Amino acid sequence: MTQDAWLARHPYLQPVADLHALIHAAAREISTPSALIPRWDDYIDDFHAGVPLLHSARVAIDLGQAERMVSSVVERLASRRLPGKLADECEAVAAQLQCDPGSPRRAVAWLLGEDLFSPTHPGLLYYLGWTALARYLSPVVGAFSHWRDEERWLRSYCPTCGGTPAMAQLVGVDPGRLRLLSCGRCTTRWRYRRTGCPFCQSAEDHRLAVLAIEGEGGLRIDYCEACGGYLKTYNGEGNEGWLLADWTSLHLDILARDRGLKRLAASLYEL
Ligand SMILES: [Zn+2]
Ligand SMILES: [Zn+2]
């Protein structure tokens, strides 16, 4: 199935698809420098200790360029004709980033969960900021996934940025079938235990219950009876590029919530 066919079958996703397209078009128009690949030898001890790459004091990933990118994406978007209240919100975010030369640096630290910054519109800045950061970090995310030994991580948070997973994917065939977790922020995918809940890490290695949904392109809802958290899971291969994008399955979040389940997964779509 293609993304267009998916949208034709789920027309209520069209507004978020339009917003996604608008923001990514603005991000493509600004200059995108690439983050330099760090020296992995410097990082290896922190990696084994469970410190995500962007939080490691042993490697310095220059985020100065990313700060400029975040400001540029916001300004570019603010200069467009935007629907509804998005125009006002975008202008307010742009003004906040411009009012003090230290603001972009603090905004990026805030995106990484490190700084006390109070954005006027946190949902919008989070979405725009991570869209820019993910583009900047893309070469590092690629090189990191080649370098790291997945068996030595297997943690419930992203090895690159430290975020909690947005979704999961099952790949391969039994008995070697694997579960990958997917970061909605920096787009890293990493391995996790096949069973068990990544949110409460409940001691007994219980299986998650599965809510299968007919005709949803291999997507299902895996949920934990201990903590009530759920993880949208793509039980297939081939369409992960857009099916793991989270926004393409926001209707499943509504379905899960209607069943009393809690979204403990990180989301860029709370705006
Ligand atoms: Zn991440
Ligand atoms: Zn749980």
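We now turn to the structure provided with this report. Here the structure is a predicted model, which means the values were calculated and not measured.

### Things to note about the packing of aromatic side chains
Any two aromatic rings considered together are summarised by their centre-to-centre distance and by the angle between their planes.
Then, in step 1: In the structure shown here, the tally under the stated rule is 12 aromatic pairs.
Then, in step 2: Taking 5.4 Å as the distance between ring centres and 10° as the angle between the ring planes, the aromatic pair formed by W40 and F144 counts as stacked. Note that W40 is positioned in helix α3 (residues 40–49) and F144 in helix α7 (residues 122–147), a separation of 104 residues in sequence. The burial state of W40 is the same as that of F144; both residues are buried.
Then, in step 3: Relative to F144, the ring of Y43 has its centre 5.8 Å away and its plane inclined at 70°; by these criteria the two rings are edge-to-face. With Y43 in helix α3 and F144 in helix α7, the pair connects residues that are 101 residues apart, well separated along the chain.
Then, in step 4: The exposure class of F144 is buried, given its relative accessible area of 0%.
Then, in step 5: Over the ring of F144 we find R148, and its NZ or CZ is 4.6 Å from the ring centre.
Then, in step 6: Sitting above the plane of the W153 ring, R155 keeps its charged end 5.3 Å from the centroid.

### Concerning the coordination of the zinc ion (ligand 2)
Then, in step 1: Surrounding the zinc ion (ligand 2) are the protein donor atoms C197 (SG), C200 (SG), C224 (SG) and C227 (SG), which sit 2.3 to 2.4 Å from the metal.
Then, in step 2: Its four donor atoms give the zinc ion (ligand 2) angles of 106 to 116° at the centre, a pattern that matches the tetrahedral case.
Then, in step 3: Between consecutive donors of the zinc ion (ligand 2), the numbers of intervening residues give the motif C-x2-C-x23-C-x2-C.
Then, in step 4: The class of C197 is buried, set by a relative accessible area of 2%.

### Here's the deal with the pattern of salt bridges
Then, in step 1: Tallying each qualifying case throughout the model produces 13 salt bridges.
Then, in step 2: Of the charged contacts, one joins D42 and R39 as a salt bridge, the two residues approaching to 3.0 Å between their closest N and O atoms.
Then, in step 3: Assessed through its relative accessible area of 31%, D42 is described here as partly exposed.
Then, in step 4: R39 sits in the exposed class, given a relative accessible area of 59%.
Then, in step 5: Among the salt bridges present, the one from D253 reaches K232, with a minimum N-O distance of 2.7 Å. Placement of the pair is D253 in helix α9 (residues 250–258) and K232 in strand β6 (residues 230–234), with a sequence separation of 21 residues. Assigned by exposure class, D253 and K232 land together as buried.
Then, in step 6: One salt-bridge network, held together by shared partners, links K232, D246, D253 and R263.

### Here we look at the environment of A87
Then, in step 1: With respect to the helices, strands and loops of the structure, A87 is situated in helix α5 (residues 86–98).
Then, in step 2: The exposure class assigned to A87 is partly exposed, which follows from its relative accessible area of 23%.
Then, in step 3: For A87 and L77, which are 10 residues apart along the polypeptide, the C-alpha to C-alpha distance reads 8.6 Å.

### Notes on the pairing of strand β5 (residues 219–223)
Then, in step 1: Across the five residues that make up β5, a large majority, four, are buried.
Then, in step 2: What sits between the antiparallel neighbours strand β4 (residues 209–212) and β5 is a turn of six residues, in which G215 has the positive phi angle 65°.
Then, in step 3: Of the strand pairs in this sheet, β5 and β6 are connected by five bridges, and their pairing is antiparallel. Paired with Y223 across the two strands is Y230, which belongs to β6.
Then, in step 4: If you look at the hairpin formed by β5 and β6, you'll find six residues sitting between the two strands, and G228 has a positive phi there, around 80°.

Calculation criteria
Residues numbered from 1 in each chain as written. Chains lettered and ligands numbered in written order. Predicted model: local features only at pLDDT ≥ 70, side-chain atom pairs only at ≥ 80, totals over all residues. Heavy atoms only, no water. Phe/Tyr/Trp six-rings, centres within 6.5 Å; stacked < 30°, edge-to-face > 60°. Helix = DSSP H or I, 4+ residues; strand = E, 2+ residues; numbered from the N terminus. Buried < 20%, exposed > 50% of the residue type's maximum accessible area, 1.4 Å probe, protein only. Lys NZ or Arg CZ within 6 Å of the ring centre and 35° of its normal. Donors = N, O, S within 2.8 Å, 3.2 Å for Na, K, Ca; no water. Tetrahedral: all angles 85-135°; square planar, octahedral: opposite > 155°, others 65-115°. Salt bridge = Lys/Arg side-chain N within 4 Å of Asp/Glu carboxyl O. Pairing = 2+ DSSP bridges.

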